[in-house]
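Chain residues, written in single-letter form:
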Amino acid sequence: MSRILFLLMATCSAVSIAGEPWALHTVDNASRGADGVRLADVDKDGRLDIVTGWEEGGKIRICFQPEPSAVRKPWPSIQVGNVKSPEDAVFADVNGDGWLDVVSSCEGKQQAVFFHLNPAVANGAASGERVRKSAAWTTKPVPASVDYTRWMFCEPLDSRTLIFGSKEPNATITLWDLSAADDEVEFLDLRKSGWIMSLRRFDVDNDGDDDIVYSDRKGPFRSIGWLENQSDSQHRAWQDHLIGGKDLEVMFLDITEVDDRLTIACNTRNGYALLLTPGTDVTQPWNATRIAHPDGVGGGKGIALGDVNLDGHTDLACTCEHAEGKVGVYWLSGGSLSVTKDDEPQRWTFNDISGRTTGIKFDRIELLDLDQDGDLDLLTCEERDNLGVIWYENPAN
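Residues numbered from 1 in each chain as written. Predicted model: local features only at pLDDT ≥ 70, side-chain atom pairs only at ≥ 80, totals over all residues. Heavy atoms only, no water.

## Observations concerning the confidence of the model for the protein
Overall, the predicted model of the protein reaches an average pLDDT of 91, with 92% of residues at or above 70. This model gives residues 1-18 a pLDDT under 50, and the stretch forms 60 contacts once residues within four places in sequence are excluded. (pLDDT = per-residue confidence, 0-100. Contact = heavy atoms within 4.5 Å.)

Right, here's the structure in full:
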């Protein structure tokens, strides 16, 4: 019998703490179909920058975070590549020169991975100014990736290792070793899959190395799980462990420690989000609680854990797709992240962020304090109303 404990759906009261949507700020809307936001300090100025693949426009663009006083205006942005149907773009140092490049994953007719190389190092010297020059960036495909699968998501594991998730045909979670000479890439398939949505680097078993937490939304392998890093200096070895969600269409997930306990939040297309916590053995299926989607919101997509209202308790921020005339971004407060008993359903309070008039298909979430006022703002992107890369200003402070 499965050890997953599915409990009574939590209820959400339709009360908005703020009374109105949060202020919306555009970071970049220079192309079409913004599909994901990933963060890193690419120009080494001490501020986190954003890279996004624009699926319909075919652009890979970097947005450079300005001083806090200017974050409410569109950010300085450049194009670093032009590919077909990019599904994901992420910062990673693929050539080992100490500067972050960009890796883009394409799942359309092109079905390839591209490296977009940072021009900071030239003629033996490095300059952050060159990073901001679009024409100085160069793009090259990874030959071994072409027509291998529909590439969906990349998570850098370390300076010379990338983990990729893909979508049928030949869907896998795949480790790429970039340490080989002559720009060759060695592939190691870690797990058969159907449609990978999330890959998150996290030390689940607390043994000092990074494992990979994943959500796989389609097919016979669909589930939430984690790949245990059992590698040593001589061999790459990984063990797959089921967490839950085998009967669900799971979407994006987030993982963190809450009160010294691991907690995963994962959105689904089944009408609720999941909260999962392990028992005494993290390699066994985890306990799970379902939190019903509130009335009047779109279908489940992104999710993030964080203290949104600064009350010392962890809240849930969510994004949606299919949100025409509905709320596409919201947060839930006041509930417990503990697994509840059957006769004690959780109550969460619904709080609007986006309103019902703009946005149809939102994506993964980053919670961070962009305006430096002490609370967590919400960074995401939207690809159907062409809002682009956007952030919502938290009014808590």
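## Structural notes on the pairing of strand 7 (residues 86-92)
The two faces of a sheet get side chains in turn, since along a regular strand they alternate between them. Counted residue by residue, strand 7 has 7 buried out of 7 residues, so it is predominantly covered. In this structure, strand 7 lies alongside strand 8 (residues 101-106), joined through 6 bridges in antiparallel fashion. Paired with Ala89 across the two strands is Ser104, which belongs to strand 8. (Buried < 20%, exposed > 50% of the residue type's maximum accessible area, 1.4 Å probe, protein only. Helix = DSSP H or I, 4+ residues; strand = E, 2+ residues; numbered from the N terminus. Pairing = 2+ DSSP bridges.)

## Quick look at the environment of Pro220
Locating Pro220 in the fold gives a position in the loop between strand 18 (211-216) and strand 19 (223-229). Distance from Pro220 to Glu257, taken between C-alpha atoms, is 30 Å for residues 37 residues apart in sequence.

## Brief notes about the sheet that holds strand 12 (residues 138-141)
The strand order across the open sheet built from 4 strands is 7-8-9-12, with neighbouring strands paired in antiparallel fashion. Each edge of the open sheet carries a strand with a single partner, namely strand 7 and strand 12. Taking each pair of neighbouring strands and ignoring which way they run, the sheet shows an average axis angle of 20°. The pairing of strand 8 with strand 9 (residues 113-117) spans 4 bridges and is antiparallel. Bridge pairing links Ser104 to Phe114 in strand 9. (Axes fitted to C-alpha atoms, helices over the stretch in contact; angles between N-to-C directions.)

## Observations regarding the sheet that holds strand 18
By way of backbone hydrogen bonds, the strands of a sheet pair with one another, either parallel or antiparallel. The 4 strands lie next to each other as 17-18-19-20, forming an open sheet whose pairing is antiparallel. Looking at which strands have only one partner, the edges of the open sheet turn out to be strand 17 (196-202) and strand 20 (238-244). For this sheet the average axis-to-axis angle between neighbouring strands, irrespective of direction, equals 20°. In this structure, strand 17 lies alongside strand 18, joined through 6 bridges in antiparallel fashion. Its bridge partner lying in strand 18, Arg201 is registered against Ile212.

## Here we look at the state of the cysteines
Evaluation of the coordinates by the stated rule reveals 0 disulfides. Left without a disulfide partner, Cys320 is nearest to the cysteine sulfur of Cys318, which lies 7.0 Å away. (Disulfide = S-S within 2.5 Å.)

## Points about the environment of Ala92
Turning to its location among the elements, Ala92 is positioned in strand 7. Note on Ala92: relative accessible area 5%, which makes it buried. Here the alpha-carbon distance between Ala92 and Asp232, two residues 140 residues apart in the chain, equals 22 Å. Ignoring anything within four residues of it in the chain, the contact list for Ala92 reads Leu100, Asp101, Val102, Val103, Pro156 and Leu162.

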